[in-house]
Amino acid sequence: MAENLSIVVWAKQGCAYCAEVKDYLTKEGREFQVVDVTDHDEQREILQAKYGVRYVPVVEIGRGHTYRGVTELGLPALETALREAEKWDLDSVY
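Quick caveat: nothing in here was measured; it's all calculated off a predicted structure.

Tallying each qualifying case throughout the model produces five salt bridges. Ionic pairing is found between lysine 50 and glutamate 60, a salt bridge with its closest N-O pair at 2.6 Å. Of this pair, lysine 50 sits in helix α2 (residues 41-51) while glutamate 60 sits in strand β3 (residues 58-63), and the two are 10 residues apart along the sequence. Through salt bridges with shared partners, a single ionic network connects Arg30, Arg63 and Glu86.

Within a sheet, adjacent strands bond to each other through the backbone by hydrogen bonds, running parallel or antiparallel. The mixed open sheet is built from four strands, whose spatial order is β2-β1-β3-β4. Two strands bound the open sheet, and with one partner strand each, they are β2 (33-36) and β4 (66-70). Ignoring which end each strand starts from, the neighbouring axes of this sheet average 20 degrees apart. Here four bridges tie strand β1 (residues 6-11) to β2, and the two strands are oriented parallel to one another. Along β2, the bridge assignment pairs alanine 11 with aspartate 36. Sheet contacts for helix α1 (residues 16-27): β1, β2 and β3; angle to β1, the most-contacted strand, approximately 160 degrees. With respect to the sheet, helix α3 (residues 75-86) is in contact with β1, β3 and β4, its orientation differing from that of β3 by roughly 10 degrees.

What follows covers α1. Between its first and last C-alpha atoms α1 spans 16 Å; for 12 residues at 1.5 Å apiece the expected length is 16 Å, and the two agree. Buried residues along α1 sit against β1, β3 and α3. Phi for glycine 29, located one or two positions after α1, is positive at around 75 degrees.

Rules behind the numbers
Residues numbered from 1 in each chain as written. Predicted model: local features only at pLDDT ≥ 70, side-chain atom pairs only at ≥ 80, totals over all residues. Heavy atoms only, no water. Salt bridge = Lys/Arg side-chain N within 4 Å of Asp/Glu carboxyl O. Helix = DSSP H or I, 4+ residues; strand = E, 2+ residues; numbered from the N terminus. Pairing = 2+ DSSP bridges. Axes fitted to C-alpha atoms, helices over the stretch in contact; angles between N-to-C directions. Contact = heavy atoms within 4.5 Å. Expected span 1.5 Å × (residues − 1).

Right, dumping it as structure tokens:
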């Protein structure tokens, strides 16, 4: 049985791009969690260590032990990443 995608949106309050991503995911019926980096520089340090960026939104898409961070701005990059993630063959990962 295929696992559902896990989606985490790293965002901050007042970010129009972040709101756009969350609205898109909601309209698509995707469940997601939000990590709010507003006034939390330690969270931005995590983004720096993982992806080399300190800006938001960053969307992490995962299933099983496979995940990808989407750091490109704009919905086309997110849409592509979601389509690719749906095709991940987890049986061949390990």
